[in-house]
Amino acid sequence: MEFFPLFLRLQGERCLVVGGGEVAARKTELLLKANAQVVVVAPETGTDISALEEQNSLRVLRRSFVTEDLDDCRIVIAATADGELNHRIADEAGERNILVNVVDDPDACSFIMPAILDRSPMVAAISSSGASPLLARALRARLESLIPASYGRLARLAGDFRDAVKTHLPAGPARRHFWEQVLEGPIAELVHGGREDEAREQLQHALANADDLATGEVYLVGAGPGDPDLLTFRALRLMQKADVVLHDRLVSPAVLQLVRRDAERIYVGKARACHALRQQEINALLVKLAREGKRALRLKGGDPFIFGRGGEEIETLAENGIPFQVVPGITAASGCAAYAGIPLTHRDHARSCVFVTGHLKDGNVNLAWDRLVARDQTLVFYMSLVGLPVIAEKLVEYGLPENTPAALIEQGTTPQQRVLEGTLATLPEIAVQAEARAPTLLIVGGVVKLRGQLRWFEGAD
Ligand code: SAH
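The model shown is predicted, which means the values in this text are computed figures rather than measured ones.

## Brief notes about the pattern of salt bridges
This model, assessed by the stated rule, comprises 21 salt bridges. One salt bridge connects Glu 196 with Arg 153, and the closest N-O pair in it is separated by 3.1 Å. On the criterion of sequence distance, the pair formed by Glu 196 in helix H8 (residues 196-208) and Arg 153 in helix H5 (residues 151-168) is long-range, its members being 43 residues apart. By relative accessible area, which is 23% here, Glu 196 ends up partly exposed. The class of Arg 153 is partly exposed, set by a relative accessible area of 26%. Notably, a salt bridge pairs Arg 451 with Glu 421, separated by 2.7 Å at the nearest N-O pair. You can see Arg 451 sitting in the segment after strand S17 (440-444) and its partner Glu 421 sitting in strand S16 (residues 418-423), a full 30 residues away along the chain.

Right, dumping it as structure tokens:
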């Protein structure tokens, strides 16, 4: 950030504008809006300044700038057509520690004027740090159309109730939830619709009944396989609302970045055989957080109900009467297959697709192998890197040809995605050679071959 944005109180402060043209008039007008005590110095002034002079308490000194004009100034704007004079003003202001703006010369400025969106008391300031004021104004125009004029009234209403809410509700989630319900719910709609008196009454009523809002909630949210673009709108909305987020190894950093910035983050681990918190502990923690009135978001890789133990987590919540929502996510099979160019089903190659866990336990993968080796079926193995040699061996033992195509997708959908392709006979060794690392997904079946034909985007691996 080249310039730090802040909002300056200028009421009654002496602010100097040097210059009498149109630009000087525009700046003067803005300063007057902030109730500054503006002094304009210029030997000659255009019609704009004269018009402002008629309507406002503005002092115009029709003479050349002298150093003493800077006395007692809070800020100065050098807006003359004379570059040398502008620089002299900047230097002299700088020596006196007065904030200075030289129009059209960001390098000479100690502050710059943003494009302002004024819904007082709500004010947005937009700046391109001097790189392109036009772009800043274009952005303001877009915001203008998004933010109704009534936002100012809404902010005033909130301001009027601020102290009352502070005394009624403790700082923290309870108070924040109260305000969110007011500012995003029916009360805000009343203000936008011009029915401020009713809004005031309802806000009073809501505050008297605010204790009802005390229970928290749990969101069980699928974060998808890694690429943040694969999040659902609902997931993103709840990620922006949560007070605390519990995440594990499978949730990518790019996705975590989208969580509300001041939400507390708790890592609950779950790497194979090294669980930071055991499942029951996670379940209990979710209950505890909700009881504290928090909105706890359990962010899970892929889809919470596909090898995600989401079922167990909501069971505990239901037993304890905690309200919850489940938000589906794109599971690793869909994400990895799409990004690797492998259709999971295809009329000529696979009429069914089975998702199984390839988790190795005591050196074995316990599965109904005879059913898995059915013809025209795609097999997707989750958690299968360690068990890969056993899985390949079993599938062949139960009747799949050794040359059945198979692919291992590592860190699917992320920029680090790798696709290792081979057959049941060759893939285990290929994985060792390539030093494959979790998370990986194994896809077995004729559809893997289609990858060569369907590589519709470059750099798929
Ligand atoms: N609920 C998750 C699965 C959790 S089980 C889902 O719906 O996707 C964890 C397994 O998912 C990993 O062992 C791996 O097999 C698979 N997995 C998850 N994300 C992956 C990714 N980005 N790339 C490859 N495999 C992934």
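## Observations concerning the site of the ligand
If you check the shell around the ligand, you find 18 residues, and the closest are Asp 303, Ile 306, Thr 331, Gly 412 and Thr 440. The side chain of Thr 331 places a nitrogen or oxygen atom 2.6 Å from an oxygen atom of the ligand. Here a nitrogen atom of the ligand sits 2.8 Å away from a polar atom, N or O, in the main chain of Gly 412. Notes on the ligand: free accessible area 540 Å², of which the protein chains cover 94%. Going through the elements one at a time, helix H13 (332-340) and S17 are the ones with two or more residues in the shell around the ligand.

## Remarks on the domain arrangement of the protein
In terms of domain boundaries, the protein breaks down into domain 1 (14-127), domain 2 (170-213), domain 3 (217-330) and domain 4 (333-454). The gap between the C-alpha centroids of domain 1 and domain 3 is 52 Å.

## Some words on the packing of aromatic side chains
Overall, the coordinates contain 3 aromatic pairs when judged by the stated rule. Plain terms: the ring middles of Phe 355 and Tyr 382 are 5.8 Å apart, the flat faces sit at 55 degrees to each other, and that makes the pair tilted. Residue Phe 355 is found in strand S13 (residues 352-357), and its partner Tyr 382 is found in strand S14 (residues 377-382); the two are separated by 27 residues along the sequence. Taking the relative accessible area as the measure of exposure, Phe 355 reaches 30% and is therefore partly exposed.

## Structural notes on unusual backbone geometry
Along the chain, Ser 120 connects to Pro 121 via a cis peptide bond; the corresponding omega equals 5 degrees. On the secondary structure map, Pro 121 appears in the loop between strand S6 (115-119) and strand S7 (122-126). Here the amide bond leading from Ala 438 into Pro 439 is cis, since omega sits at 0 degrees, within 30 degrees of zero. Mapping Pro 439 onto the fold places it in the loop between helix H16 (427-433) and S17.

Cut-offs used in this document
Residues numbered from 1 in each chain as written. Predicted model: local features only at pLDDT ≥ 70, side-chain atom pairs only at ≥ 80, totals over all residues. Heavy atoms only, no water. Salt bridge = Lys/Arg side-chain N within 4 Å of Asp/Glu carboxyl O. Helix = DSSP H or I, 4+ residues; strand = E, 2+ residues; numbered from the N terminus. Buried < 20%, exposed > 50% of the residue type's maximum accessible area, 1.4 Å probe, protein only. Near = heavy atom within 4 Å. Polar contact = N/O pair within 3.5 Å; in protein donor to acceptor, adjacent residues only side chain to side chain. Areas by Shrake-Rupley, 256 points an atom, 1.4 Å probe, with all protein chains shown as cover. Domains from an automatic or database assignment. Phe/Tyr/Trp six-rings, centres within 6.5 Å; stacked < 30°, edge-to-face > 60°.

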